[in-house]
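Observations on chain architecture
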Amino acid sequence: MEVTGRVKVINAEQQVSASFKKRELVVTTDEQYPQHIMIEFTQDKCDLLNNYTVGEPVKVSINLRGREWVNPQGETKYFNSIQGWRIEKLQAEAPAASTQVPPMPAREAFEPANNYKEEEHDDLPF
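Presented here is a report on the structure given in the accompanying data block. Predicted, not measured: the structure shown is a model, and the values here were computed from it.

Re the pattern of salt bridges
Side chains that differ in sign of charge can pair as their charged atoms come close. Scanning all chains against the criterion turns up seven salt bridges. With a shortest N-O distance of 3.6 Å, Glu 88 and Arg 86 are connected by a salt bridge. Take Glu 88: its relative accessible area is 29%, and that puts it in the partly exposed class. Residue classification places Arg 86 among the partly exposed positions, given a relative accessible area of 37%. Members of the salt-bridge network, linked through shared partners, are Glu 2, Lys 59, Arg 86 and Glu 88.

With respect to the environment of Thr 28
Residue placement: Thr 28 occurs in strand 3 (residues 20-28). It is 9.2 Å that separates the C-alpha atoms of Thr 28 and Val 9, two residues lying 19 residues apart in sequence. Sequence-distant contacts of Thr 28, that is, excluding residues within four places in its chain, are made with Gly 5, Arg 6, Lys 8, Pro 34, Gln 35 and His 36. One polar contact links Thr 28 to His 36, side chain to side chain, over a distance of 2.9 Å.

Conventions and cut-offs
Within any chain, residue numbers begin from 1 and follow the written order of that chain's sequence. Given that this is a predicted model, residues contribute local features only at a pLDDT of at least 70 and side-chain atom pairs are listed and counted only at 80 or more, while totals for whole chains, interfaces and linings are drawn from all residues. With hydrogens and water set aside, each side-chain value is computed from the structure's full complement of heavy atoms. Throughout this description, the term salt bridge denotes a Lys or Arg side-chain nitrogen within 4 Å of a carboxyl oxygen of Asp or Glu. The classification of residues rests on relative accessible area computed with a 1.4 Å probe and restricted to protein chains. Under 20% of the type maximum is buried, over 50% is exposed, and intermediate values are partly exposed. Runs of H or I in DSSP of at least four residues are treated as helices and runs of E of at least two as strands, each being numbered from the N terminus. Whether two residues touch is decided by their heavy atoms; if any such pair falls within 4.5 Å, the residues are in contact. Whenever a nitrogen or oxygen atom comes within 3.5 Å of another N or O atom, the pair is scored as a polar contact, on the condition that within protein one atom can donate a hydrogen and the other can accept it, and that pairs from neighbouring residues in sequence are kept only if both atoms are in side chains.

If you want it as structure tokens, here you go:
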């Protein structure tokens, strides 16, 4: 699965235990209702975030993870996490001027059809 958007937050690396470290990234999606998605990078994947800055457009490859936990009172709880395993910079969108259609010439640039007869047959399929 993938998440695309702009980097909103890159947190510092956290050493959770002697053998486990993680780093959190927040990506804001480019949608009608933008979402702020927190993605965890763990262990050696933490270093993938070193070359990114806030505001950059990115595509992050993710895995959804789920865990079951039984608390001391015997209640079962479920937790989800989003783990990142790859991140890529996206190209900034090209300026709109390069994709615009040229303007329509003025009406005076077209000659009127003087010899048009509606009853003449043409071979157009529509």
